[in-house]
Each structure stands twice: as C-alpha cells, then as structure tokens.
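Secondary and tertiary structure notes
Next come the chains, spelled out residue by residue.
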Amino acid sequence: MKEFIEKGKEFSKTTRFKKILKRTGFFIVGFLGLILIFFIGLRIYFTQNKEHIMTEINQKINDNISGHASIGDVGYKFLIGFPNFTVVLKKVELQDSLYAVHKRSVLKAEEIEVRLNVLSLLHKKVDIEKVVLIDTKIDLFKDKNGVSNSNIFKPKPKTNEPKSKTETEIGEVDFKNVVFISQNLQRNKLFHFEVNSLKCKINYKDDGWETDLFLDVFAKSMAFNTKHGSFIKDKRVKGKLAVQFSKAKNKIDVVTEGLGIGDDDFDIKASFGLNKDHPIMNINIKTTILWLNAAHLLDPHLFKILNHFNITKPLDAQCSIIGDMNAEGDPEIIVDAQIKDNVLVSSEGETKECSFEGRYINNFKNGLGNNDINSAVIIKNFTGNYKGIPVVIPNAAINNLEKPIATGDLHSKFDVEKLGNIFGDEFIKFNGGTANVDFKFNVDIVALRISKPRFTGKVNIEKANMLLRSKNITFQTNVLLDFTDQALFIRNIKYQRDKNIFFLDGKIDNFLNLYYNDPAKMVAVLNINSPFMDVKKFMSVLAHSEKKKEVKKITTKADIKKRITLVEKCQVVLNLNLDKMVYSNLTAKNAKIIIVAKNRQFFVKQGAIESCGGKITFASQLIPNGNLFDVKTNVNIATVDIPQFLTSFKNFGITSFQPQNIKGSLSATADMSMKMTLNGDLVDDSAKGNLQYDIKNGSLTDFKPIIKIGKFAFPNRDVKHIVFNDLSGRLNMSGSFVNVDYFKVSSNVLNFDVEGIYSFKKGTNLGLTIPLRNPEDDYKIKDPREREAKRYKGIVLHLLVVDGKNGEMKIKMGSLPKK
C-alpha cells in the first residue's frame, strides 16, 4: 500500500500528469460554459416566446375544462429542473361554468411551477414534466340542490391516436401548503385537509400509472356525515403511500404501512372507484392502538359512547369502510378488535384479566341502511375478573345505538366472600361458600346507564357464612335467587343462631327495573317460617342503629354506598309463620304476623298469636327516634289465663302480689303508645293509653292487699281465698301511673269498690269502699238487681291504699276527694 502511494506521489510530479490535469480543467470549464450558454439561450427563448408559451399553457388548460382559467403572470426559474425548462404561473384561478351560481372557484393558487420539456419547446409544443402547487386551495363543492363546481373537466375525445399524442402526462407532482376541500351539502359530507407536503413521481403504464406518494397532511375534517362529525379531526397524517391507477378497472388503489395518524401507526389498503355516478370506496385499516386513542379518531357521536369505557393496554383492531362517496349518510363501517389479558374500565369499576372479541357494525341487517338504528356492538368469548369475581359472557350484543338494547348470556362461579368487593364489608361480610351465576339479560341503555333491565336466570349460593356487622351476628345459609321476567324469587335461605331458626323465601316484583330507576318503590315480600323464634333477637337483626361507632374510618366507594342505600330504601313485607315464639317471658305458638318495613319504620299490619290459653291479636307501628322506637299499638286479648299472662309480662313490675295470687280468664282491648329499644325492650315509664278489660271466673288466693284489709276490717273472715263474679272495667296508663276507673268486686267473702291511682313506683292512692255486711248469703241470690239492692245495707267502710315501705302497700282510713 505504501509502495502504491509513493508511486502515486512520483506520478503527480511528472509532465504527463500535468497535461492530463490541464485538459480535464479545460473540459469542465468548457462544459460549464456550454451549460451557461444553453440557459442564456433558454432565457432569450423564453423572453422572446413568453406570450406564445403563456398562450399555449392557457390553451391546454382551457381545452380540457368547461369554464374559465386565468393566470396572473408567467415567470421563469433559472437552473430549476435542468435540463428542462421551469415556468412559474402566478395567481392562477380555475372556475367552472356555474361559478355565477355557487361563487366557489375550483382552484386558487398563488404559484404553480410547471416544468416543461425543452425539446418539445424547441418544436413549439408544451409537454409538462412536473407540477408544483404552492399556497393553493382546491375546493370541490356541491350545494343542496346538486349544483357542483367539480364538473370542470371536459370529456376526453375518443380517438385511435397513440396516448402520447392525445394526452398530457405529468411526470411528477409536488404540493406545498395546499388546502384541499371537498364539500357536499346535499349528502352532508365534508373533507378538509391542509397539505403541508405531498410529493410523488408518476410512472405511466399501458393500463394506467403508479407512484409512491409521500404525504404530510393535517386533517381538519373527514366527515362522511356532518350531522355526526368528523373522523381523525385535527390529526396529522404522515407517511408513504403506494398509489396505483387502473384504466380498465377505473379505480385507484392505495397501500401503506405505518401511516402515522395522530400518535399511532396504521396499515391501510384502500381502493377508490372513479365512476362518476357511484364512486365506490373500500378502505381496510389495521393497527395496534390504545382504546382512547382510537376513540379520539372517530366522529363525536361514536366517541361519546366509547369515552365512557377504557381499555388500558394496546389492542389489535381492524376497520373496513365501504360505501358510495356520492351517497347520502355514512358508509358501511365495520370495526373488529381483539382484546387479550387487558383491563376494562367503566363507571362500575375495573374488570381485570379481560379478553374478548369485539365488533362494531353500522349495517347490522342488510337493507336497513348504515345508521345508528341499524348499528350493533357484538361481543364474543368475553372473560374477565370483576373485583375478584370471574365473569364469562359467551355472546352479547348492543343493538340500535339510538335506543340501545344489550342482550346476552352471563356466567360466573366464585367464592361468596368476593361479594364483599361489590357490597363492601361494612354492612354484611361474606366468608365461605360458593356462588353459581347463570343469566340471560336484555337491558335498555339510556344515556349509557342501565334502564328497564330484564334478567332471567339463577344465582345459587351454597353454604355461605354471613356476618351482619351492625349486630355482630354470624350464620350460615344457602340462597337461591331466581330471576324471571316478572320478579326476583328468593328461595332456600336458612338462618340459625342459637335456638333461633327460620326458613325464608319470597319475591320482589319488577326488581331490576326498580333497582335502577326507583328503588324506593321496590317491595320485597318475604315469607319466614320458623319452628322457634326469639322475637327480641329477631328485632335486633332488623333494627338499624344510628349510633356512630368509634372505629377506624373506612372509605366506602360510591357504588357500594348506592347498594347499601338501596337496601335501606326498599320496602319489605315479612309474613311470619312461627310454630313457637318467645318475647321476654311471653311464650306463644301458631304466631302469624305481617310486618311492613320501610325507611327503618315497622308496621305490624296483622298479628295473631296463641298464648296463655287464649289468643292475642295486635297491630302496631314502630317509628325510629334516635336509638329508640316510638311504638303505637292496638291489642285485643281474648280469654287468656291471668296467672300465665301476668307471668309473661313479669307481673308488670307489681310487687304487692304475685301472678299465682289471682286467677281467672282475661279479655281486654288496649290502645297504647310506648317507647322500645332497638333490641325490643320496653322503656320504663314510657307506656301511655287505655285498657278495657273483662275478667271471667275470677278468684284471689293469698292476695296480700286483701289479706291486709281483712285483718283490718274483717278479722273473723277467711279472706285467703275469694271467688268473685265477672268483672269489667277501664284503666288509663301514663308512665308508671295507672288511673283506675270505678269498678266493683263482688265475692263470697266481701264486696268492695275501687277507684283512684295505682303506681308501679311511688304515688299509689286508691280509694276502697267496703260494705261490712257479710255477702255470703247475698252471693247465693241469682237475681243481680236484688243482690245489688242489699250490697250497701249496714255499715260501709272507706279506706285508702297508699305507698308503704319497700314497695309494700299501706292501708289507712279515709276517702278520695269527691270528683
């Protein structure tokens, strides 16, 4: 290598090398001189033939259009397009023959560069090699009456001459800052593009031509239907397109890979028919794109739908657009997407591990048009995980995007504890058990919200452990929810805690529609059958406390709060059928009770129990007041055994005698109000109201108040066992005070009259009127009027029963003041 370099250096110093270098320099100078002379000649030629060239260009244009072409000036650019000749046309405007009607020029250009073939010029002919449009507006327009400015080109004459003699071929096209507008008011279409740059070299063939087109365009509008808005609005389109025109097929084919639209790349195959009456376009697009990026490329009315959802990872999508570019309305649009292991986000939350095949089509049924009414979104093989719950939708569809209806099948099988992710753990905590869901659904969608849903199918929950947090109650149960067209049927629920056990079934008419539209009108009719129930414990389950717990604050999501609110708003009708029930010390059987619960208020519409040897019927209203209930009740007691009845109610707090001291059969009616705790306990001194009573076959045994009176007034009579006739009277209660209306007791041992105030605490002041006459013989008189006439003959004793020590009664002489 060094040897070669050394030889080169030696050769450069020789005379021979210097002669070669000198001759080369002369050649270059001569060649440049020839070029300079050539262009000076062209310049002289252009100057001398400018009018002729301008006339030729005008003639070529006007020969091919129906209308008028105007050119402001013609210039020449030195060395541009060598060895050809470049003419600059300035202030160029093309108008069709109907310009006076629509007032819109087909073309306005500040400058058009036209590269002409030099050899053709020497023969005084104009052949165009290249056209450059600079600062140009191309405006194709059709008004509502069908008047158009685009019919500017004359039909090509039919001839057998070679193409080169009858047509002008443009070898290259270059756009710089060109605005292209195609507006069709009759068909509501608008295409508006701002072309920053467009370059192509055209290769002509026997059947047409082909080119690679380099494009940099800003899309202002691509509206197939202006009522819906524009696709790819305000997006930059940049890339290379392979374009081919076929005369035989009379269409243009376009292929591009990696065409940039906005921030994403697209592979596109398209064809555009050039038939004057029905130019058919067929565009196929493939891409991998983010959901919201794709949504932003669509027209606003589609974006408005898609924007309510999101798929967080890129998805594979294909789109085809087929239609007549002269036809009114939208073309046929079909979008297919494949989503794999993605995350679907909606107003209801996230569905993870989401996979499905989706299709949008605006021509669902052929012949009904390409429109929203005939549009559909079709979902196949949907799988996902919604808040820990697997969801499978083999088939689903949303038809008619003007009034959308969603239909499909839904299946799921999951651990019941996952329901806590949906309903929250603040109200009910689920633990253990499995749930199987099989649904068919048909749902109206109004403003992208579920309306008038129709679900048919079953939710079967087995061996679920449930913790009612507000009461810290845990129980295991099975639940079958059966959705029909008319109602939700609830079956197979079993509750058992301690000795309490009940079986529940029921239904909610029009459940799903009311759930989404008016939950306050929802009525759940539940039938509860139980072999044994402790009513107070049952009430503690139903009641809801407003007391704020001092626990760690838990943030509850809006959708969970909505479901809890639903439970609180809906009306519940409970039909209780209890073989045996207890309330405090009251034991009853064959209880049949109808309870209506709404807004935390409880109404006992019909209640009937068998207890204490008789029957008790009642109707009540429980109204929440803080952490208490205000209770109003009407009670009808029929022939109950008095000792059992008093024992059941703890002798009403009376300590002066025990239930076993009084016997007989009691019938009564009561109209009362009182306060009750959420656990079903009566609040002391809260009872108010009236009691009408009737006692049959009454007797007093070791009745302490009477024994005290006997020692005081009848030391010689046996008052330990007294049998009295039927007795009726009226009481008025107010807290711990009982206002005893005047009543008479007639017995075989003594007669006495009672009235005044009895207090369960302090304040007893009862007046007793006791005839000293021994009624033993009078008691045998069958005629009541005759027996009554002898009642007060003889000495009559007046006593007062007042408070004594330790709850005992004290008896003293005296009378109540006269009313």
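Scope of this entry: the structure provided in the associated data block.

Conventions used here
Residues numbered from 1 in each chain as written. Predicted model: local features only at pLDDT ≥ 70, side-chain atom pairs only at ≥ 80, totals over all residues. Heavy atoms only, no water. Helix = DSSP H or I, 4+ residues; strand = E, 2+ residues; numbered from the N terminus. Buried < 20%, exposed > 50% of the residue type's maximum accessible area, 1.4 Å probe, protein only. Contact = heavy atoms within 4.5 Å. Areas by Shrake-Rupley, 256 points an atom, 1.4 Å probe, with all protein chains shown as cover. Core = buried A, V, L, I, M, F, W, Y, C linked by side-chain atoms within 4.5 Å. Salt bridge = Lys/Arg side-chain N within 4 Å of Asp/Glu carboxyl O. Pairing = 2+ DSSP bridges. Polar contact = N/O pair within 3.5 Å; in protein donor to acceptor, adjacent residues only side chain to side chain.

1. What to know about the overall build of the protein
From N to C terminus, the protein includes 14 helices and 39 strands. Going through the 819 residues of the protein one by one, you find that 43% of them count as buried. Long-range contacts, defined here as pairs at least 24 residues apart, represent 52% of the contacts in the protein between residues at least 6 apart. About 46,000 Å² of surface is accessible on the protein, with carbon and sulfur atoms providing 55% of the total.

2. Observations concerning helix H13 (residues 704–713)
Within the sequence span of H13, burial applies to Pro705, Ile706, Ile707, Ile709, Gly710 and Ala713. In this structure, the buried residues of H13 make contact with strand E32 (688–701), strand E33 (721–724), strand E36 (751–759), strand E37 (765–771), strand E38 (796–803) and strand E39 (809–813).

3. Some thoughts on unusual backbone geometry
The backbone phi angle of aspartate 135 is positive, close to 50°, even though this residue is not glycine. Looking at the element boundaries, aspartate 135 is found in strand E4 (residues 128–142).

4. Re the nonpolar core
With 118 residues, the main nonpolar core has Met581, Ile706 and Ile770 as its most contacted residues. For this core, the element with the most residues is strand E31 (residues 662–677), which contributes 7 residues. Beyond its immediate stretch of four places on either side in the chain, isoleucine 770 contacts Ile709, Phe714, Leu750, Asn751, Phe752, Ile795, Val796, Leu797 and Leu799. Counting 59 residues, the second largest nonpolar core, distinct from the first, contains Leu107, Val131, Leu215 and Val217.

5. Some remarks on the pattern of salt bridges
Overall, the coordinates contain 17 salt bridges when judged by the stated rule. For lysine 205, the salt bridge is made with glutamate 210, and the minimal N-O distance between the two is 3.1 Å. Owing to a relative accessible area of 40%, lysine 205 belongs among the partly exposed residues under this scheme. For glutamate 210, a relative accessible area of 25% corresponds to the partly exposed category. Close ionic contact of aspartate 336 with arginine 359 constitutes a salt bridge, the shortest N to O distance being 2.7 Å. Remark: arginine 359 occurs in strand E15 (residues 349–361) and aspartate 336 occurs in strand E14 (residues 332–346); sequence separation between them is 23 residues. For aspartate 336, a relative accessible area of 18% translates into the label buried.

6. A short note on the pairing of E36
For E36, a buried count of 7 out of 9 residues is recorded, marking the element as mostly surrounded by other parts of the structure. Of the pairings in the sheet, the one linking strand E35 (residues 737–746) to E36 comprises 8 bridges and is antiparallel in character. From the neighbouring strand, valine 738 faces E36, where its bridge partner is tyrosine 758. Hairpin connection of E35 to E36: 4 residues between the antiparallel strands. The sheet contact formed by E36 and E37 spans 5 bridges and is antiparallel. Counterpart to aspartate 753 in the pairing with E37 is threonine 769. Where E36 folds back on E37, the antiparallel hairpin that results is connected by 5 residues, among which glycine 763 adopts a positive phi of roughly 120°.

7. Regarding the environment of valine 173
Structurally, valine 173 can be placed in strand E5 (residues 172–184). Among the residues examined, valine 173 registers a relative accessible area of 17% and is labelled buried. In the structure, valine 173 is positioned 25 residues away from leucine 198 in sequence and 7.8 Å away in space, judged by C-alpha atoms. When sequence neighbours within four positions are dropped, the list of residues in contact with valine 173 reads Val131, Leu198, Lys199, Cys200 and Ile202.

8. Side note on the environment of phenylalanine 475
Mapped onto the elements of the fold, phenylalanine 475 is located in strand E22 (residues 473–483). Between the alpha carbons of phenylalanine 475 and tyrosine 495 there is a distance of 6.3 Å; along the sequence they are 20 residues apart. Apart from the residues within four sequence positions on either side, phenylalanine 475 is in contact with Ala464, Asn465, Met466, Lys494, Tyr495 and Gln496.

9. So, the side chain of asparagine 149
For asparagine 149, the location among the structural elements is in the loop between E4 and helix H5 (163–166). A polar contact is formed between the side chain of asparagine 149 and the backbone oxygen of arginine 104, at a distance of 3.2 Å. A polar atom in the side chain of asparagine 149 sits 2.7 Å from the backbone nitrogen of phenylalanine 141. Aside from chain neighbours lying at most four places away, what touches asparagine 149 is Asp96, His102, Arg104, Ser105, Val106, Asp139, Leu140 and Phe141.

10. Things to note about the pairing of strand E7 (residues 208–223)
With 15 bridges joining them, strand E6 (residues 189–205) and E7 adopt antiparallel strand pairing. In the sheet register, valine 195 faces E7, and the bridge partner there is valine 217. Adjacent in sequence and paired antiparallel, E6 and E7 are bridged by 2 residues. Pairing of E7 with strand E8 (residues 235–246), which is carried by 12 bridges, proceeds in the antiparallel orientation. Bridging across to E8, threonine 211 finds its partner in valine 243.

11. A closer look at the environment of leucine 298
Examined against the element boundaries, leucine 298 turns out to sit in the loop between helix H6 (291–297) and helix H7 (300–306). Linking leucine 298 and glycine 229, residues 69 residues apart in sequence, is a C-alpha distance of 8.7 Å.

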